[in-house]
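Chain and residue survey
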Amino acid sequence: MKDCTQKYGLWLRRMGMVAAVALILMVSACSAAHGAQGNTRGFVDFETTEGTYLERIHQLQWPEGYALPQSLEGEDEGASYQKTFGDTLASNLWEAAWMREWLDAREVDPERARAALEELEKAFDMAYLGPDRADDATRNHLREVLEGAREGDPSGILEYLGEEAAQ
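For the rest of this paragraph, the subject is the overall build of the protein. Along the backbone of the protein there are 6 helices and 2 strands. Counting from the amino terminus, the protein carries its helices and strands in the arrangement α-β-α-β-α-α-α-α. Taken over 167 residues, the protein has a buried fraction of 31%. Accessible surface for the protein amounts to roughly 11000 Å². Of this, 55% is attributable to carbon and sulfur atoms.

As structure tokens, then:
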């Protein structure tokens, strides 16, 4: 009888393990299916990233006369990139362009400088500064930089642009 009980216990443990593995596989499959339906997480190739970058560039408003890039330069063509990388790069370029526009206009064309700051305010409604891609500190810092610019202080924008501001 003891032999039969041991075999039954062993069988129960094995069935429990099979059930646990089956449950893990089902949960994994459901997660993968959910991720395929619009999730912004994951990785894509260079061509997809460049396509997203160029598409986003053409959707954004740019300072008058700004020369738009025709390709994504300076990135490894053999690498994988987070799905949102192309959009974020385009948005960062847009941000820098409008900051440069404000710097160039602030002392010579106050209306153009005001328009540049208005355009930069749109950043807070854009995906690249959304809660899933930027933290509160990043958004707050940009708010402080723009507030300083509204008051005529270029230091925040100069710091934000870094070496590009010297060009």
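Read on, since the account is not over.
Here we come to the packing of helix H2 (residues 46-59) against helix H3 (residues 85-105). Across the interface, H2 lies against H3 with an axial gap of 7 Å and an inter-helix angle of 35°. In the packing of H2 onto H3, the handedness of the crossing is right-handed. Across the interface between the two elements, Thr49, Thr52, Tyr53, Arg56 and Ile57 from H2 touch Phe85, Gly86, Asp87, Leu89, Ala90, Ser91 and Leu93 from H3. Taken together, the residues of the contact of H2 with H3 break down into 6 nonpolar, 4 polar and 2 charged.

This part takes up helix H4 (residues 110-121). Along its 12 residues, H4 runs 17 Å from first to last C-alpha, staying within 8% of the 16 Å computed at 1.5 Å per residue. Taken together, the buried positions of H4 are Ala113, Ala116, Leu117, Glu119 and Leu120. Buried positions in H4, seen along its axis, are confined to an arc of 160° and lie on one side of it. Buried-residue contacts for H4 involve H3 and helix H5 (136-150).

With that settled, consider the environment of Leu60. With respect to the helices, strands and loops of the structure, Leu60 is situated in the loop between H2 and strand S2 (80-82). When the C-alpha atoms of Leu60 and Trp94 are compared, they prove to be 7.4 Å apart, with 34 residues separating the residues in sequence.

Right, let's get into the packing of aromatic side chains. Counted under the stated rule, the structure contains 3 aromatic pairs. Geometrically, the ring pair formed by Tyr81 and Phe85 is stacked, given 5.2 Å between the ring centres and 10° between the ring planes. Classification of Tyr81 as buried rests on a relative accessible area of 9%. Taking the relative accessible area as the measure of exposure, Phe85 reaches 25% and is therefore partly exposed. Ring-pair connections join several aromatic residues into one group, and the members of that group are Phe46, Tyr81 and Phe85. Positioned over the ring face of Phe124 is Arg143, at 4.5 Å from the centre of the ring.

Criteria and thresholds
Residues numbered from 1 in each chain as written. Predicted model: local features only at pLDDT ≥ 70, side-chain atom pairs only at ≥ 80, totals over all residues. Heavy atoms only, no water. Helix = DSSP H or I, 4+ residues; strand = E, 2+ residues; numbered from the N terminus. Buried < 20%, exposed > 50% of the residue type's maximum accessible area, 1.4 Å probe, protein only. Areas by Shrake-Rupley, 256 points an atom, 1.4 Å probe, with all protein chains shown as cover. Axes fitted to C-alpha atoms, helices over the stretch in contact; angles between N-to-C directions. Left-handed = near helix turned anticlockwise from the far one by under 90°. Contact = heavy atoms within 4.5 Å. Nonpolar A, V, L, I, M, F, W, Y, C, P; charged D, E, K, R; others polar. Expected span 1.5 Å × (residues − 1). Arc of directions from axis to C-beta. Phe/Tyr/Trp six-rings, centres within 6.5 Å; stacked < 30°, edge-to-face > 60°. Lys NZ or Arg CZ within 6 Å of the ring centre and 35° of its normal.

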